[in-house]
Amino acid sequence: MKRRNIFAICWSMLVAGLLLPLTVSGQPTAKEWNKGVVGWNLGNQFECSAPGQDGESMQIGMPDNSIKSETAWGNPVVTKKVIKAVKEAGFNAIRIPVRWQCHITNQQAMSIDKAWLTRIKEVVDWCLSNDLKVIINVHHDKWLEGRPTNQYKDENNQKLALLWMNIANEFASYDYRLAFAGTNEVHLRDNWGKPEAENLAVQNSYNQTFIDIVRSMGGNNEKRHLIVQTYVCNPDFGLYNGDFIIPTDIEGNGNNYMSVEFHYYTPWDYAGECKFNYWGQASKDKGLEVSPSDEKTMTDFLDRVVSTWGDKGLGLLMGEWGVTDRQKGGQTDAIHENMKYYCSFLVSETQKRGISTFVWDNNSFGSGPEHFGIFDRKASMKVKTPWILDGIMEGKNK
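Conventions we followed
- Residues numbered from 1 in each chain as written.
- Predicted model: local features only at pLDDT ≥ 70, side-chain atom pairs only at ≥ 80, totals over all residues.
- Heavy atoms only, no water.
- Axes fitted to C-alpha atoms, helices over the stretch in contact; angles between N-to-C directions.
- Helix = DSSP H or I, 4+ residues; strand = E, 2+ residues; numbered from the N terminus.
- Parallel < 35°, antiparallel > 145°, perpendicular 65-115°, else oblique.
- Left-handed = near helix turned anticlockwise from the far one by under 90°.
- Contact = heavy atoms within 4.5 Å.
- Nonpolar A, V, L, I, M, F, W, Y, C, P; charged D, E, K, R; others polar.
- 1 Å grid on protein atoms, 1.4 Å probe; cavity = no way out; pocket = protein on both sides within 12 Å on 5 of 7 lines; lining within 4 Å.
- Points joined across faces, edges and corners; volume = space filled by probe spheres on them.
- Core = buried A, V, L, I, M, F, W, Y, C linked by side-chain atoms within 4.5 Å.
- Buried < 20%, exposed > 50% of the residue type's maximum accessible area, 1.4 Å probe, protein only.

Asks: Give me the lowdown on the packing of helix H10 (residues 332-352) against helix H11 (residues 386-396), citing residues and values where you can.
Replies: Contact geometry for H10 and H11: axes closest at 7 Å, N-to-C directions at 30 degrees. Taken together, H10 and H11 sit at an angle that is classed as roughly parallel. For the element pair H10 and H11, the recorded crossing hand is right-handed. Judged by residue contacts, His336, Met339, Lys340, Cys343, Ser344, Val347 and Ser348 of H10 engage Trp387, Ile388, Asp390, Gly391, Ile392, Glu394, Gly395 and Lys396 from H11. Along the lines of polarity and charge, the residues of the contact of H10 with H11 split into 6 nonpolar, 5 polar and 4 charged.

Rendered as structure tokens:
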């Protein structure tokens, strides 16, 4: 669908006479917003499916008890104490992944349940009251993420425009500390590999639709920090071959108020898969236990990110990263010390380059893949993986 047709539909949905607040002057560029940011993800919380609903469902609507989706994946309700603990630990920003599709009251208008919006605003307000920068996004909306094909391109862009129209309108008066991220890990279901050209083109179209509609909502949205994504948030599908197209912002903005988001569970054989228990040059004596990737691998990659996007004026944002926990008889302490070193090195090197980072915390603890927990939300936010937190803060303060 052509862009002007999308906007005709969106604007017709606005309430007549709606007044938007004036734009606040002096808002930071995306690079300024990202500088010094060491953030945390409120993972497996507001991006959950409704209770009893298949997490891969593409259903748009309001299943029974959808308002309780916040706790559907086993985590307790988010409280002020959660946000305060993150601030006191030394983080200065929070990324809040949000699934909207199970909170839609009218699919034709992509209108959002007022109770859900009120709840999201409440948590955002808690973050801002602790002087934390905040990101909200569209996360696990499977109708969008799971169908990046030409067959659904026009329909999805229309729905995405309507959804962001509603979100941006609700948050138009919020100050520069609140940033929006258009999508998350867009990919064909169960296919994390190299995409086809049409998949890449659909992701690029999502990014442009997101920029266009949010900017058109006026108020503080005209220069709000907006974050666009590579396909599946894999930087490899954006750094090479022209796969990622920088969206066109409104006149006068240039690339100054946009960031490119990528995720970095790299090397996966160490950070996520647990194939290797050690990383880095100092661990090369571990033989088959150490990943082939090392410090130079990481710094070469980060330099490529800067030269490809940062040098074009774009902000740089690592929206998710992490190292899953693992234990091994007689080596657990050494493994944890190595994890601490990895975290410290990553945060230090990203800080040097102005790249903001948001560590993934899904409140899951144990040995093996997908155990990215740091704070135990079921135990008054006790830090259960201090080697991770200590490494992050060591890197932040270098």
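Next comes the rest of the write-up.
Asks: Tell me what's going on with the layout of surface pockets, and back it up with residues and numbers.
Replies: Its volume calculated, the largest pocket comes out at about 1000 Å³. Considering the residues around the largest pocket, the lining is formed by 37 residues, among which Glu185, Trp192, Val232, Tyr265 and Trp268 are closest to the centre. Of all the elements in the fold, those that place two or more residues in the lining of the largest pocket are helix H5 (142-145), strand S8 (258-264) and helix H9 (295-308). Partitioning the lining of the largest pocket into residue classes produces 14 nonpolar, 12 polar and 11 charged.

Asks: I'd like a rundown of the environment of Leu389, residues and numbers included.
Replies: By secondary structure assignment, the location of Leu389 is in helix H11. Taking the C-alpha atoms as reference, Leu389 lies 25 Å from Val260; in sequence the two are 129 residues apart. Apart from residues no more than four positions distant in its own chain, Leu389 is found in contact with Ala89, Phe91, Ile374 and Val383.

Asks: I'd like a description of the nonpolar core, backed by residues and values.
Replies: If you look at soluble globular proteins, the nonpolar side chains tend to sit buried side by side. In terms of nonpolar packing, the biggest core is built from 96 residues, with Phe91, Ile96 and Ile392 touching the most fellow members. When near neighbours in sequence (up to four residues on either side) are disregarded, Phe91 contacts Val38, Gly39, Trp40, Val86, Leu132, Val359, Phe375, Leu389, Ile392 and Met393. Membership of the second largest hydrophobic core comes to 9 residues, among which are Trp33, Val37, Ala93 and Ala181.

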